[in-house]
Amino acid sequence: MSILKRFTDIMSCNINALLDKAEDPAKMVDQLIRNLNEDLNKVKAETASVMAEEVRAKREVDSCKADISKMLEYAKRAVDAGNDDDARQFLSKKARLSENLVNLEQRYGIAKANSDKMKEMHKRLTDEINELNDKRNTIKAKIATAKAQEKINKIGSSLKSSKSSLDVFSRMEEKANRMLDEANAMAELNEEKRDEIDDLMSKYSSSNSSVEDELESLKNSKDSSIEDELYNLKKTKEE
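Rules and cut-offs
- Residues numbered from 1 in each chain as written.
- Predicted model: local features only at pLDDT ≥ 70, side-chain atom pairs only at ≥ 80, totals over all residues.
- Heavy atoms only, no water.
- Helix = DSSP H or I, 4+ residues; strand = E, 2+ residues; numbered from the N terminus.
- Buried < 20%, exposed > 50% of the residue type's maximum accessible area, 1.4 Å probe, protein only.
- Contact = heavy atoms within 4.5 Å.
- Areas by Shrake-Rupley, 256 points an atom, 1.4 Å probe, with all protein chains shown as cover.
- Phe/Tyr/Trp six-rings, centres within 6.5 Å; stacked < 30°, edge-to-face > 60°.
- Lys NZ or Arg CZ within 6 Å of the ring centre and 35° of its normal.
- pLDDT = per-residue confidence, 0-100.
- Salt bridge = Lys/Arg side-chain N within 4 Å of Asp/Glu carboxyl O.
- Core = buried A, V, L, I, M, F, W, Y, C linked by side-chain atoms within 4.5 Å.

**Brief notes about the overall build of the chain**
Working step 1: A count of helices and strands for the chain gives 5 helices and 0 strands.
Working step 2: Moving toward the C terminus, one meets the helices and strands of the chain in the order α-α-α-α-α.
Working step 3: Across the 239 residues in the chain, those meeting the buried criterion constitute 18%.
Working step 4: A fraction of 83% describes how many contacts in the chain between residues 6 or more apart in sequence connect residues 24 or more apart.
Working step 5: Accessible surface computed for the chain: about 18,600 Å², of which carbon and sulfur atoms make up 52%.

**Looking at the packing of aromatic side chains**
Working step 1: Under the defined criterion, the tally for this structure stands at 1 aromatic pair.
Working step 2: The ring of Tyr74 is capped by Arg77, whose NZ or CZ atom sits 5.2 Å from the centre of that ring.

**Quick word on the confidence of the model for the chain**
As a note on interpretation, predicted positions should not be read in detail where pLDDT is low.
Working step 1: When pLDDT is averaged across the chain, the result is 75; 63% of the residues are at 70 or more.
Working step 2: Of all helices and strands in the chain, the one with the weakest mean pLDDT is helix H1 (residues 2-12) (53), whereas helix H3 (residues 25-80) scores best (87).

**Examining the environment of Asp86**
Working step 1: Mapped onto the elements of the fold, Asp86 is located in helix H4 (residues 84-190).
Working step 2: Taking the relative accessible area as the measure of exposure, Asp86 reaches 35% and is therefore partly exposed.
Working step 3: Residues Asp86 and Ala75, spaced 11 residues apart in sequence, show a C-alpha to C-alpha distance of 7.1 Å.

**Overview of the pattern of salt bridges**
Working step 1: For the structure shown, the criterion picks out 10 salt bridges.
Working step 2: Among the ionic pairs, Arg56 bridges to Glu60, the shortest N-O distance being 2.8 Å. Placement of the pair is Arg56 and Glu60 together in helix H3, with a separation of 4 residues, close to one helical turn.
Working step 3: The exposure class of Arg56 is partly exposed, given its relative accessible area of 30%.
Working step 4: Here Lys119 ties to Asp116 by a salt bridge, and the two come within 3.9 Å at their closest N and O atoms. Highlighted residues: Lys119 and Asp116, both in helix H4, separated by 3 residues, approximately one helical turn.
Working step 5: Several salt bridges share partner residues, and in doing so they unite Glu53, Arg56, Glu60 and Arg107 into one network.

**As for the side chain of Thr47**
Working step 1: Among the structural elements, Thr47 can be located in helix H3.
Working step 2: Those residues in contact with Thr47 that lie beyond four places of it in its chain are Met118, Lys119 and His122.

**Here's the deal with the environment of Lys65**
Working step 1: One can find Lys65 in helix H3.
Working step 2: Lys65 gets classed as partly exposed once you look at its relative accessible area, which sits at 39%.
Working step 3: It is 9.5 Å that separates the C-alpha atoms of Lys65 and Lys94, two residues lying 29 residues apart in sequence.
Working step 4: In contact with Lys65, not counting residues within four places along its chain, are Leu101 and Glu105.

**Looking at the nonpolar core**
Working step 1: Grouped together as the largest cluster of nonpolar side chains are 14 residues, with contacts concentrated most on Leu36, Val43, Leu125, Ile129 and Leu132.
Working step 2: If you list the elements that add at least two residues to this core, you get H3 and H4.
Working step 3: Within the second largest apolar cluster, 10 residues are counted, among which are Ile68, Leu97, Leu101 and Ala111.

The following block contains the structure:
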């Protein structure tokens, strides 16, 4: 029954602990299920053998009991027939069968106990495989979700990196603007200053002289025209 102990050890192992140590839980579950299915096939074969032994032992017990009942029945018939010697032979055979029955019942008890254990082991192993099959989809779904989240996290990190790069460009642009403003200010400071008195003299020299000349010309033109017209009037009157 070493196989029974082996599979008892398998069933008593902490599957969750195995999964915790696995780098890829999904692959670990698949491999574990494959191993358990292989073990289940061996348990089935061993269970069938043990169950057959139980049936055989039970059949021998039942057969021995039937023979004992038969010897007792024949002993009663011999007594009824007045043949005590025959009755003694039947009772002697019954005694030997009864002694053998004790051994057969002990063997049957062991076979039945082993069969019950193997059937229980088969049931537990089958239930465990079914449970793992149910968990496998859940585990794989969680792993897929975790991988998707990791991908999103990486994208988020990339976006943060991009934002950081944009911040750097913004600071560089701000620095460039500051440098340009400083350069323009320096150019303004370095520009040669004109003498303000020159501008003032120009205002009162060239422009005023032109205005006065034009005004004088107008005055002279006006007086000449009037005098000429007056002269012509007087001349016409005298004639």
